[in-house]
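# Examination of the molecular architecture
In case you want the letters, here they are:
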Amino acid sequence: MISCLWAEDMNHVIGKDGHLPWHLPADMKYFKNTTTGKTILAGRKTYLSFGRPLPNRKNIVLTSSKNINDGDVLVLHNINEFLEYAKNHTTEEIFVVGGANIFQQLLPYADRLYKTVIEHAFIGDVKMPEINYDNFELIKSTPGKTDEKNPYPFTFEVFTKIK
Ligand SMILES: NC(=O)c1ccc[n+]([C@@H]2O[C@H](COP(=O)([O-])OP(=O)(O)OC[C@H]3O[C@@H](n4cnc5c(N)ncnc54)[C@H](OP(=O)(O)O)[C@@H]3O)[C@@H](O)[C@H]2O)c1
C-alpha cells in the first residue's frame, strides 16, 4: 500500500530553503510514531534534509544521481523502479514523505493520505501539489494539542482513496 504523509500550512506551504518552515515537535512525533517500522520513500532533497537515514525504518531515496550510496538506504533512480518495488512488497505500507516533486508524481498512486494541517500562514518556497479530495474520504481527524512548544492550531487527518 502506498501512503503519502506530509504537513502543510493554511496556504499549502510545505517547505522553505530546503527545510520545514516551522518547528512543531508534536508533528515530528506523529511522523515518527506513524512511520516507525515501516518503509519511507523520500526525494533526494528531502532525504538530505533529514541529515541521515531515519532509524528503525526502511529508507528509500529517489534520485537520478549515481553518487548517493548510504549503507542501508535503497536508492532508486526512477518512478518505475519504485512502482516495481511497491508491486513486489504489497504487505508493506510505504510512506511517501515528500517533497513536492515526489508527491506530484506519486499522489496518483496513493491509497491513503496522512495530512497534518497547520492553521497558520508561513513564508515558504515549496507548496503541496493540488489534490482532488473528491477521490478521497476523510476517515480520521484528530486535533493536535496546542501548547508553548506547539503554538499553532493543527489537526492530523487521514484519508482513504475511494475505489
Ligand atoms: N511539510 C512536509 O511535510 C514536507 C515533507 C517533505 C519535504 N518537505 C520540504 O519540501 C522541500 C523539498 O521538496 P522538493 O520538491 O524541492 O524536493 P524533493 O521532492 O524532496 O526532491 C526532489 C529530487 O528528487 C529526485 N527525483 C524526483 N523525481 C525523480 C524521478 N522520477 N526519478 C529520479 N529522481 C527523482 C531528484 O533528485 P536528483 O536531483 O538527485 O536527481 C529531485 O531533484 C524541502 O523544503 C523539504 O523540507 C516538506
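Attention here is on the structure that accompanies the text. These numbers come from a predicted model, not from an experiment. (Residues numbered from 1 in each chain as written. Predicted model: local features only at pLDDT ≥ 70, side-chain atom pairs only at ≥ 80, totals over all residues. Heavy atoms only, no water.)

## Side note on the sheet that holds strand β4 (residues 58–62)
Hydrogen bonds along the backbone pair up the strands of a sheet, which may run parallel or antiparallel. Spatially, the 8 strands line up as an open sheet ordered β5-β4-β3-β6-β1-β7-β10-β9, and their pairing is mixed. If you trace the sheet from one side to the other, it starts and ends with β5 (74–76) and β9 (136–143), each paired once. Taken pair by pair, the neighbouring strands of this sheet meet at an average axis angle of 25°, ignoring direction. Sheet topology places strand β3 (residues 39–43) next to strand β6 (residues 94–96); 3 bridges connect them, and they run parallel. Looking at β6, one finds that T39 is bridged to I94. Against the sheet, helix α1 (residues 25–35) touches β1 (2–9), β3, β6, β7 (112–118) and β10 (154–161), its axis set at about 30° to β10. Lying over the sheet, helix α3 (residues 79–88) contacts β1, β3, β4, β5 and β6, oriented at roughly 130° with respect to β5. (Pairing = 2+ DSSP bridges. Helix = DSSP H or I, 4+ residues; strand = E, 2+ residues; numbered from the N terminus. Axes fitted to C-alpha atoms, helices over the stretch in contact; angles between N-to-C directions. Contact = heavy atoms within 4.5 Å.)

## Some points on the packing of aromatic side chains
Tallied over the entire structure, the rule returns 8 aromatic pairs. Centroid distance F122 to Y152: 4.9 Å. Interplanar angle 80°. Geometry classified as edge-to-face. Placement of the pair is F122 in the loop between β7 and β8 (126–127) and Y152 in the loop between β9 and β10, with a sequence separation of 30 residues. No difference in accessibility class separates F122 from Y152, as the two residues are buried. Ring pairing ties together the aromatic residues W22, F122 and Y152, which thus form one cluster. (Phe/Tyr/Trp six-rings, centres within 6.5 Å; stacked < 30°, edge-to-face > 60°. Buried < 20%, exposed > 50% of the residue type's maximum accessible area, 1.4 Å probe, protein only.)

## Concerning the side chain of R57
Mapped onto the elements, R57 comes out in the loop between α2 (44–50) and β4. Buried charge without a partner: R57 forms no salt bridge, and the closest opposite charge is D27, 11 Å away. There is a polar contact of 3.0 Å between the side chain of R57 and the side chain of T35. A polar side-chain atom of R57 sits 2.9 Å from the main-chain carbonyl oxygen of P55. Those residues in contact with R57, other than ones at most four positions away along the chain, are F31, K32, T35, T36, G37, K38 and I40. (Lys, Arg positive; Asp, Glu negative; His and termini not counted. Salt bridge = Lys/Arg side-chain N within 4 Å of Asp/Glu carboxyl O. Polar contact = N/O pair within 3.5 Å; in protein donor to acceptor, adjacent residues only side chain to side chain.)

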